[in-house]
Amino acid sequence: MRVDPSYVTNLVGSLDDAQASQQQLTAELSSGVSITSLSQNPVASGENVLLLNQIQQDDSFTQSTNLVTGQLQVADSTLGSVVSQLTQAISLATQANNGTQNPSDVKSIASQISGILDEVQSLANTSYQGQYIFSGGQTSTTPFATSTASSPAVTGYNGDTDVNYLVTPNGQKIQLNVPGSQIFLGNGSNNVFGALNALIADYSSGTVDTTKAVSDTTALSTSLGYVSQQRVTIDNSIGQVTAAGDAVTSAQTQLTSAQTNLMQADVGQVSTQLSLSETQQTALEDVIAQLESQSNSLFSKLQ
Amino acid sequence: MGTVNVAFSIMTQALEANQAALNIVANNVANANTPGYTTESPNFQQSQPLQIGGVSYGDGVTETGATSARDRVLTERLNQQQQTASSTSARLTALNTVQALFTPDSGSSAGQAGDISSDLTGFFNSFSSLEENPANNSMREEVLSSASTLAADVSNAAAGLNSQRSAIDQEASGVTGQVNSLTSAISQLNLQIQSTSPDSDAGTLEDQRQQDLSQLSQLIGVNQITTENNGISVTTTAGQPLVSEGQNFQLTTGSVNGVTHFFVSGADITSQLAGGGGQLGGYLTARDQDLPAVLGSLDQLAYSVSTQVNSLNNAGTDLAGDNGNAGDIFSAPPGLASGNAAGSAAAMSVVMTDPNHIAAAGTGMGTGDNSNATAMAALGNKAIVNGSTPTDYYANLVSQLGAEVSNVQTENTAASASVTQLQTQNNALSSVNLNDEASAMSNFERSYQAASQVFTMLNTIIASVLNLGSQATVS
């Protein structure tokens, strides 16, 4: 049987292959990544795109939650201050209504409640990072202003009833704000500013129409209860954001570990392959060297 | 005495025949490394016997020339496999360059440069961030900057694909010159072979012709047909003649719609060449099928994202108070009027310069509203590109490209292995084996020595006869 006399060339081809495989394995070891081109594992490459998309969405949401929590906490603590101011106003009004105060005390109470009104209005006009937090969608407009043209004075709302939501990566919608009209004007029936303005008008003359003043005080109490209810919405949102943030962080951890498993080189496995490939290369080199050193042609035997 | 003279004549022929055989061995050894050389072996032929008085006497040997050890079926098979191997190899080279544009992103941190999938996520995430604080200027800037990154990476990838396409186009048209010089050489060899050895193997000329055919097979897909008087006609795989005996038909090129097309005798054979094999077939498959497919997907992605984002931005209220006319974020795709996505990726850019024109608020809402930003962020998870979300579509593009490259790689490995196998078979038959040559040389040398010895003996015999038994004048 005749054989291909240029078999050493084929061996050199195998040597090239072994070296190429070592190059690939060394690249995997040094970069720590097992898939350096799409064709190495097309399915994993596609999967990697989807995993990274989710991881990055989660990453971005985690950053968002910090900022959103800050804003919600400002709203919450603002409403906390409002509640304590209103509680104080109610106690002042109750004091004025008990019939034991002289006119100058009543006037002084009127002026104190007026101070509380200013304070509550200023709280209602709180802004976070330059945006009013109780003006609905009109975040660049000061939501509340009091006009003293009539008596009792009227505190008007310049915002709107827009509610913003934050959508989590799972699609859950979390309420980010409660419009000022809902908190402070109680959609008409639980009007904080209306009750305060009425009380100021009730006491400013020094004489008290007890029936009306008691009714206005009751209205303020009801409004206070309504403000507290609205504060619960904000508190709920803080809880939801924190829970969503935690859930997303734990999902992100799992996704990251899945992505790492998918893309990262298994150092042990790659090292073993590299060592095998090196052994193969040494063997091939030995074979080639031996074939070359042996005079593998009959010509060398001819005398 | 006639008999001794005949013996002389027989030995002379034997010396000549062995010398001729030694020449053939020498030629084989000399050409051991010549590409395309086919090993030759001497043909010894017994001379016509003499009839003397009804008895037949052998009349020596003649050497009638060398025969090349050639299997034309095997070489043709080798050429065909070579065409597949060259075609897949050229296509693989092109596809490897393409997939380098879409290297998998290994990092898990957001926004690594150059990766379109991260860019897409980053862009839609910037709208999610804008949800928290729709009037925030730095978040608005972030939207525009992530849009610029996305547009730049998409248009760079498209530009990369286009420049690869034109590089392949040039490579392909460069092949024409080599094809023409080979077909011209084959037609010349056809004429020479037809005149010198119309009925038998033409030896060295045939070696050259086979070598040219083998080179031609690396460049272009061909079929060969043996014609009368030992000629060969060559056609492309689809049947257009390139060589017809002594005539060759030039492959010419011309630019059609910005790409090189190939013509033979005035007929455009570009599409037939693409599937035909050889380097040219591989280049044309890559140029006309593989690259346009990737570019088409990228165009579709750019077109859908640009138009959807633009139309939503024009359906909201921006910070400057524009209601329903905030303007485009991305440049309008070139084929917008006709709904044609072609060219969208290369042309993708951000036209908005003022972040205040990002319409985060819904139509008619205050500027602090975030409903439109929420809607734009939701586009990232909405089936807006041919029924898939942008990320799914991109993931699919990546998997398909990877699978395509992997397929071609497998085809190429198989074709190369088959070529190696056929090459080994062909080498075993046709290449010069120095061991065989050494043994043949010893053999012929011994025969030559034997013939010389016989000649010397005959000389002694004749001397004895001439001196009639006495040691005298003739030695």
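Residues numbered from 1 in each chain as written. Chains lettered and ligands numbered in written order. Predicted model: local features only at pLDDT ≥ 70, side-chain atom pairs only at ≥ 80, totals over all residues.

1. Quick word on the sheet that holds strand β8 (residues 247-248) of chain B
To summarise the sheet geometry, strands pair through backbone hydrogen bonds and adopt either a parallel or an antiparallel arrangement. Residue and element names in this part refer to chain B. Stated precisely, the cut-off is as follows: A pair of strands is considered paired only if DSSP assigns at least 2 bridges between the two. Helix and strand assignments come from DSSP, with helices taken as H or I runs of at least 4 residues and strands as E runs of at least 2, each series counted from the N terminus.
One open sheet holds the 4 strands; their spatial order is β5-β6-β7-β8, and the pairing between them is antiparallel. Edge strands, defined here as strands with exactly one partner in the open sheet, are β5 (222-227) and β8. In this sheet, strand β6 (residues 231-236) lies alongside β5 in antiparallel orientation, the contact comprising 6 bridges. Its bridge partner being in β6, T226 is matched across the sheet by I232.

2. Regarding the interface of chain A and chain B
It is common to give the size of an interface as the accessible area that goes away when the parts come together. Put simply, the rule is: Two residues qualify as being in contact provided that their C-beta atoms, derived from the backbone, are within 7 Å of each other. Residue polarity follows a fixed list, in which Ala, Val, Leu, Ile, Met, Phe, Trp, Tyr, Cys and Pro are nonpolar, Asp, Glu, Lys and Arg are charged, and the others, Gly among them, are polar.
Facing 49 residues of chain A, the contacting portion of chain B comprises 53 residues. At the level of secondary structure, the elements contributing two or more residues to the side of chain A that touches chain B comprise α2 (42-97), β5 (165-167) and α6 (210-263) of chain A. With 18 residues, the top contributor of residues to the side of chain A that touches chain B is α2 of chain A. Per-class residue counts for the side of chain A that touches chain B are 21 nonpolar, 23 polar and 5 charged.

3. Quick word on the sheet that holds strand β10 (residues 259-264) of chain B
Sheet architecture is open: 3 strands sit in the order β9-β10-β11 (chain B), paired in antiparallel fashion. In this open sheet, the two strands that pair with only one neighbour each are β9 (251-256) and β11 (267-268) of chain B.

4. So, the nonpolar core
Which entries qualify depends on this criterion: A set of buried Ala, Val, Leu, Ile, Met, Phe, Trp, Tyr and Cys residues, joined to one another through C-beta atoms within 7 Å, is what we call a nonpolar core. Three exposure classes are used, based on other C-beta atoms lying within 10 Å of a residue's own C-beta, which is placed from the backbone: buried for 20 or more, exposed for 12 or fewer, and partly exposed in between.
V154, L298, A345 and Y394 of chain B are the most contacted members of the largest nonpolar core, which totals 91 residues. Considering every element that reaches this core, the biggest residue donor is helix α4 (residues 137-196) of chain B, with 17 residues. In this structure, F134, L196, A219 and Y226 of chain A belong to the second largest nonpolar core, which totals 50 residues.

5. A look at the confidence of the model for chain A
As a reminder, the rule being used: For every residue, the pLDDT score states the predictor's confidence, bounded by 0 at the bottom and 100 at the top.
Model confidence for chain A is summarised by a mean pLDDT of 89, while 98% of its residues fall at 70 or above. Ranking the elements of chain A by mean pLDDT puts helix α1 (residues 7-31) of chain A last, at 88, and helix α3 (residues 103-124) of chain A first, at 93.

6. Section: the packing of helix α2 (residues 72-100) of chain B against helix α10 (residues 390-430) of chain B
Residues and elements named next belong to chain B. Our working definition: Structural elements are reduced to axes, namely lines fitted to C-alpha atoms, with helices fitted over the stretch in contact, and the angle between N-to-C directions of any two is expressed from 0 to 180 degrees. To sort the angles, those under 35 degrees are grouped as roughly parallel, those over 145 as roughly antiparallel, those from 65 to 115 as roughly perpendicular, and the leftovers as oblique. By definition, turning the near helix anticlockwise from the far helix through less than a right angle yields a left-handed crossing, and turning it clockwise yields a right-handed one.
Close contact between α2 and α10 brings their axes to 8 Å; oriented N to C, the two are set at 150 degrees. Here α10 runs roughly antiparallel to α2, going by the angle between their axes. You can see that α2 and α10 cross each other, and the crossing is left-handed. Looking at the contact of α2 with α10 residue by residue, the class counts come to 13 nonpolar, 16 polar and 4 charged.

7. Details of the domain arrangement of chain B
All names here are of chain B. Our working rule: As annotated, the domain borders come from an automatic or database domain assignment.
Once the domains are mapped, chain B shows domain 1 (2-69 + 432-467) and domain 2 (78-408). Contacts between the two partners involve 8 residues from domain 1 and, on the opposite side, 7 residues from domain 2. The element that contributes the greatest number of residues to the side of domain 1 that touches domain 2 is strand β4 (residues 61-68), accounting for 3 residues. Class assignment of the residues belonging to the side of domain 1 that touches domain 2 gives a composition of 3 nonpolar, 4 polar and 1 charged.

8. Thoughts on the pairing of β10 of chain B
All names here are of chain B. With 6 bridges connecting them, β9 and β10 associate as antiparallel partners. Pairing of T252 across the sheet is with F263, part of β10. With antiparallel pairing between neighbouring strands as the criterion, β9 and β10 make up a hairpin whose turn holds 2 residues, including N257 at a positive phi of roughly 50 degrees. Pairing analysis gives 2 bridges linking β10 to β11, with the strands arranged antiparallel. If you follow V264 over to β11, its bridge partner there is A267. Between β10 and β11, which pair antiparallel and follow one another directly, the connecting turn spans 2 residues, one of which, S265, has a positive phi of 50 degrees.

9. Some words on the confidence of the model for chain B
Of the residues in chain B, 96% have a pLDDT of 70 or more, and the chain-wide mean is 90. Listed scores for the predicted complex are pTM 0.86 and ipTM 0.85.

10. Section: the packing of α2 of chain B against helix α7 (residues 278-313) of chain B
Residues and elements named next belong to chain B. Look at α2 against α7: their axes get within 7 Å of each other, and the N-to-C directions meet at 35 degrees. For the pair α2 and α7, the sense of crossing is right-handed. Across the interface between the two elements, Q83, S86, S87, T88, S89, A90, R91, A94, L95 and V98 from α2 touch G278, Q279, G281, G282, Y283, T285, A286, D290, L291 and V294 from α7.

11. Quick look at unusual backbone geometry
Of note, the amide linkage connecting S151 of chain A to P152 of chain A takes the cis form, showing an omega dihedral of -5 degrees. Following the sequence through the fold, P152 of chain A ends up in the loop between β3 (144-147) and β4 (154-157). The phi dihedral of S265 of chain B is positive, around 50 degrees, even though this residue is not glycine. Following the sequence through the fold, S265 of chain B ends up in the loop between β10 and β11.

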